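Fold and geometry: a report
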Amino acid sequence: MAGVVELTRREFEGLVADALDAIPQNLANLMDNVVITVQEESPDGLLGLYEGIPLTERGDAYFGVLPDQIFIYQNNICSMCETPEQVVQEVLVTVVHEIAHHFGIDDARLIELGWG
């Protein structure tokens, strides 16, 4: 089992912000009505979770709804990494993975693209 990398909440949120900054601006501009939140942990071991209606499924009746949510789980990511550099990489992969769900890309396609 991997070691645990310990980061403060602020440090981890900074890594999530850095990962968001790595998203190409033209894609970031297309993100709509979505909030990204760091949570301590997911009880089912997930690294991240997207909850909402993907952009590809929104129709004319989509308005006045609460924002989609992307959760990034700090303890779950840190507990599987042995170095801070691994945490940086895992945060990036997780953020990209969950944003891809916002764009309607499923897990099978993400695996094909190397972002599984």
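In short, a report on the structure. Here the structure is a predicted model, which means the values were calculated and not measured.

**Describing the nonpolar core**
- Among the nonpolar cores identified, the biggest contains 19 residues, and F12, V16, I72, I77, V87, V91 and V95 are the most heavily contacted of them.
- At the level of elements, α1 (9-21), β3 (68-73), α3 (74-79) and α4 (84-102) are the ones that each hand at least two residues to this core.
- Counting residues per element, this core draws most heavily on α4, at five residues.
- Every residue in contact with F12, bar those within four places of it in the chain, is listed here: L7, V38, I72, Y73, Q74, I77, C78, V87 and V91.

**Topic: α4**
- With 19 residues, α4 should cover 27 Å at 1.5 Å per step; its first-to-last C-alpha distance of 27 Å lies within 8% of that length.
- Positive backbone phi, at 90 degrees, marks G104, one or two positions downstream of α4.

**As for unusual backbone geometry**
- In this structure, N33 takes a positive phi of about 55 degrees despite not being glycine.
- By secondary structure assignment, the location of N33 is in the loop between α2 (25-28) and β1 (34-39).

**What about the sheet that holds β1?**
- Taken together, three strands build an open sheet; the order of strands is β1-β3-β2 and the sheet is mixed. Edge positions in the sheet fall to β1 and β2 (48-51), since each of these pairs with one other strand and no more. Ignoring strand direction, the axes of neighbouring strands in this sheet form an average angle of 15 degrees.
- Taken together, the six bridges between β1 and β3 define a ladder with parallel strand orientation. Its bridge partner being in β3, Q39 is matched across the sheet by Y73.

**Overview of the environment of Y62**
- Considering the arrangement of structural elements, one finds Y62 in the loop between β2 and β3.
- Excluding residues within four positions of it along the chain, Y62 makes contact with D32, N33, I53 and D68.
- Here the side chain of Y62 touches R58 through a polar contact of 3.3 Å, side chain to side chain.

**What to know about the packing of aromatic side chains**
- In this structure the tally under the stated criterion is one aromatic pair.
- When the ring of F71 is compared with that of Y73, the centres are 6.3 Å apart and the planes differ by 20 degrees; the resulting orientation is stacked.
- Residue classification places Y73 among the buried residues on the basis of a relative accessible area of 8%.

Conventions we followed
- Residues numbered from 1 in each chain as written.
- Predicted model: local features only at pLDDT ≥ 70, side-chain atom pairs only at ≥ 80, totals over all residues.
- Heavy atoms only, no water.
- Core = buried A, V, L, I, M, F, W, Y, C linked by side-chain atoms within 4.5 Å.
- Buried < 20%, exposed > 50% of the residue type's maximum accessible area, 1.4 Å probe, protein only.
- Helix = DSSP H or I, 4+ residues; strand = E, 2+ residues; numbered from the N terminus.
- Contact = heavy atoms within 4.5 Å.
- Expected span 1.5 Å × (residues − 1).
- Pairing = 2+ DSSP bridges.
- Axes fitted to C-alpha atoms, helices over the stretch in contact; angles between N-to-C directions.
- Polar contact = N/O pair within 3.5 Å; in protein donor to acceptor, adjacent residues only side chain to side chain.
- Phe/Tyr/Trp six-rings, centres within 6.5 Å; stacked < 30°, edge-to-face > 60°.

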